[in-house]
Every structure is written in structure tokens, then in C-alpha cells.
Amino acid sequence: MTSPTRFAFDTLSRGDVLPTVDLTITHDDVRAYLEATGEPAARWGERVPPVMLSALMLATLLGQVEIPAGVMHTGQEHESRRPVRIGEALTVTVTVSSYAVRRGALMAAFDAEARAGDEVVATSRASVLVPPPEGADTEGNAE
Amino acid sequence: MTAPTPAPTIEPVTRLIDQPRVDHYAVAARDPNPIHRETPEAYAGPFGRPVAHGMLVLALLSEAMTNACGEAWERGGSLKVRWRQPALVPVEVTARATLRSESDGVATYDVMCEDAAGEALLTGTASVRLA
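Being a predicted model, the structure only gives us computed values, none of them experimental. Every residue gets a number counted from 1 within its own chain, in the order that chain's sequence is written. A letter from A marks each chain and a number from 1 marks each ligand, given out in the order of writing. Only residues with pLDDT of at least 70 get local features here, since the model is predicted, and only at 80 or more are side-chain atom pairs given and counted; chain-wide, interface and lining totals rely on the full set of residues. The basis for every side-chain value is the complete set of non-hydrogen atoms in the structure, without hydrogens or water.

1. Considering unusual backbone geometry
Here is the rule we go by: Helix numbering and strand numbering both begin at the N terminus, where a helix is a DSSP run of H or I of at least 4 residues and a strand a DSSP run of E of at least 2. Think of it in three bands: with a 1.4 Å probe and only protein chains considered, a residue is buried below 20% of the maximum accessible area for its type, exposed above 50%, and partly exposed in between.
Residue Val89(B) is joined to Pro90(B) through a cis peptide bond whose omega torsion reads 0°. Here Pro90(B) is to be found in the loop between strand 2 (78–83) and strand 3 (91–103). Phi angles above zero are rare outside glycine, and Arg103(A) is one such case at about 50°. Here Arg103(A) is to be found in the loop between strand 5 (89–102) and strand 6 (105–116). One non-glycine residue, Asp104(B), adopts positive backbone phi at about 55°. Following the sequence through the fold, Asp104(B) ends up in the loop between strand 3 and strand 4 (106–114). Taking the relative accessible area as the measure of exposure, Asp104(B) reaches 71% and is therefore exposed.

Shown next as C-alpha cells:
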């Protein structure tokens, strides 16, 4: 994965599109992932487990945005369009699909799209919540 | 060709998520957040100890769907979940799925991951096109 510029979380706004990042998943990557999750490896052969791709799409976001302390990953969506092969050259683009403050808590969602050339192979959405700091004003709402 | 009949329930997957597994996952999934590891941040955080990555818990659910649906899960599977409570390490997690509906060749399952006490860690839906 390439190393893009990192953005401060509090500078993001809804509609922002982060720079597209290259992603190629290797045999070693898949082996390490399956050893960690405990899933049997043999059945995957030359293919990438779908939720591994989702996790690495999320890692793309983590590599691009400085995530504040205390952030909670509250929800996740993922859709696979087709199997992804190990070694396939992908790109991942993350869009800030929502970003709002409610009673001091910051709620954001990030949509990620993985492409092989022009073809979308998977999409995902990660929802996060940053609780208000202790003693913060929790009355305001903003986007 | 007739679409295969979806299984009414999917064989659960149960696995212990302990700290070595979480540490290994942090590297493999490129998520080094200190709240998941044996760090001062984890012990000073709201849960008082390390919390497993939500995506590691979710991986068990995807494994269960793969067991049941095979390549159909890769071709057109989708998930939509919310985490209900943190998976405090160590935790034995069981992923379950029960058929909710089938329409136009798409099976939709209610899914959950629970701890050994039966408390929900994650709930949501998973859909897969059968043919």
C-alpha cells in the first residue's frame, strides 16, 4: 500500500474524497490474515477473503486520517461484487459520506470503493463515533 | 438452472479471541490502534482493558457465511452490522446466522456474534445471491 498524506480528523467534512490509494494483496498478506483470524486457509487458494478486503479498505482510511483517541467503530457494511485474486492491482478511494456533531459527539461514516481498473470489485462503509470530551458542551449540533 | 435452497440456519463458528490473536490481527489488518493491545491507552480507556478489533469479530461471521455459501459469498455477498458492545479480550465468540427471507434468488440472514454468556457483540444482516 502506498503512503498518502494524512489528514486531521477535525478538518474533514461530508463529501470529501480522499486521494486514491493503490492496494495489492499478497500471498503473505492473506496467510497472515488467516492465521490471525483462525479461518482455514486451504479453501482460499488464489483468492482474497471478502472481509479481509474490507479490513484493508478500512486500513486505507486509517493510513490517511489521523483518528482521534477514543474513537469507536460502531458499524460496518460490505458488499462483494466478485472474487478478488491475490496479486490483483486494486485502487481504493474513500469518501466522507457523513460527518456531523450531535450533542458533542462526532459521528462520521466513510464509504470505500475498491476497483480493478474501472471495475468496482467491493464497496464498504465504516461508521465511527468520537465521544465528547469530558466536560464538553453537549448541546450543539453541526455538520 | 434452479437456485439452490438457502440453509435455514448456518453452522455457527466459535473461536477464542485472545491477546496473541488480537496482536497478530493488528499487524495483518494494518490496524495498530493501541486500544486493542496491552498498552497504557487500553488500560486507561473506557473499558479498562484491551478490546478486540470489531473487524476480527466480523471475520468469524464472514467465515460462517463462506462455509455455508461458498463462492456465492464472494460473488455477491453483503453485510450490514452494528457493534453492540466491546469484545473485551479474552473472549470466546460465536457467529450465527438464521434465514430471514428469500426473494428473487437473494437470501437474507439475521446475523449476530455473541460471547460465551450469550451477550450480543454484533448484530445485523447478511445477504447472498444464490444463483
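The structure having been displayed, the exposition proceeds.
2. Some remarks on the pattern of salt bridges
The following threshold applies: Think of a salt bridge as a Lys or Arg side-chain nitrogen and an Asp or Glu carboxyl oxygen that are within 4 Å of each other.
Scanning all chains against the criterion turns up 13 salt bridges over all chains. Measuring nitrogen to oxygen at the nearest pair gives 2.8 Å for the salt bridge that ties Arg47(A) to Glu74(B). Taken together, the positions of Arg47(A) in the loop between helix 1 (27–37) and helix 2 (50–64) and Glu74(B) in helix 4 (residues 71–76) put the pair across two chains. Among the residues examined, Glu74(B) registers a relative accessible area of 3% and is labelled buried. Here Glu79(A) makes a salt bridge to Arg81(A), at a shortest N to O gap of 3.5 Å. Glu79(A) gets classed as partly exposed once you look at its relative accessible area, which sits at 34%. Take Arg81(A): its relative accessible area is 39%, and that puts it in the partly exposed class. Each member of the salt-bridge network shares a partner with another, and the members are Arg82(A), Arg85(A), Glu88(A) and Glu119(A).

3. A short note on the environment of Glu63(B)
Our working definition: Should any heavy atoms of two residues lie within 4.5 Å, those residues are counted as being in contact.
Relative to the elements of secondary structure, Glu63(B) occurs in helix 3 (residues 54–69). A relative accessible area of 5% means that Glu63(B) is categorised as buried. Along the chain, Glu63(B) and Trp73(B) lie ten residues apart, while their C-alpha atoms are 9.8 Å from each other. Other than its neighbours up to four places away in sequence, Glu63(B) contacts Glu39(A), Pro40(A), Arg43(A), Val13(B) and Arg15(B).

4. Description of the interface of chain B and chain A
Put simply, the rule reads: Using a 1.4 Å probe, buried area is obtained as the accessible area two parts lose upon being combined, added over both of them. Counting of polar contacts relies on pairs of N or O atoms within 3.5 Å, with two restrictions inside protein: one atom must be capable of donating a hydrogen and the other of accepting it, and residues adjacent in sequence are counted only when both atoms are side-chain atoms.
Taken together, the contact between chain B and chain A spans 30 residues of the former and 35 residues of the latter. At the boundary of chain B with chain A, total buried surface from both sides reaches about 2800 Å², with 57% on carbon and sulfur atoms. By the criterion of area lost to chain A, the three top residues of chain B are Arg30(B), Met55(B) and Glu74(B), representing 26% of everything that side buries. Between the two partners, chain B and chain A, sit two salt bridges. Along the contact surface separating chain B from chain A lie eleven residue pairs in polar contact (both at pLDDT 80 or more). Only helix 1 (19–28), helix 3, helix 4 and strand 2 of chain B provide two or more residues apiece to the side of chain B that touches chain A. Considering every element that reaches the side of chain B that touches chain A, the biggest residue donor is helix 3 of chain B, with nine residues.

Function cannot be read off these values alone, since they describe shape.
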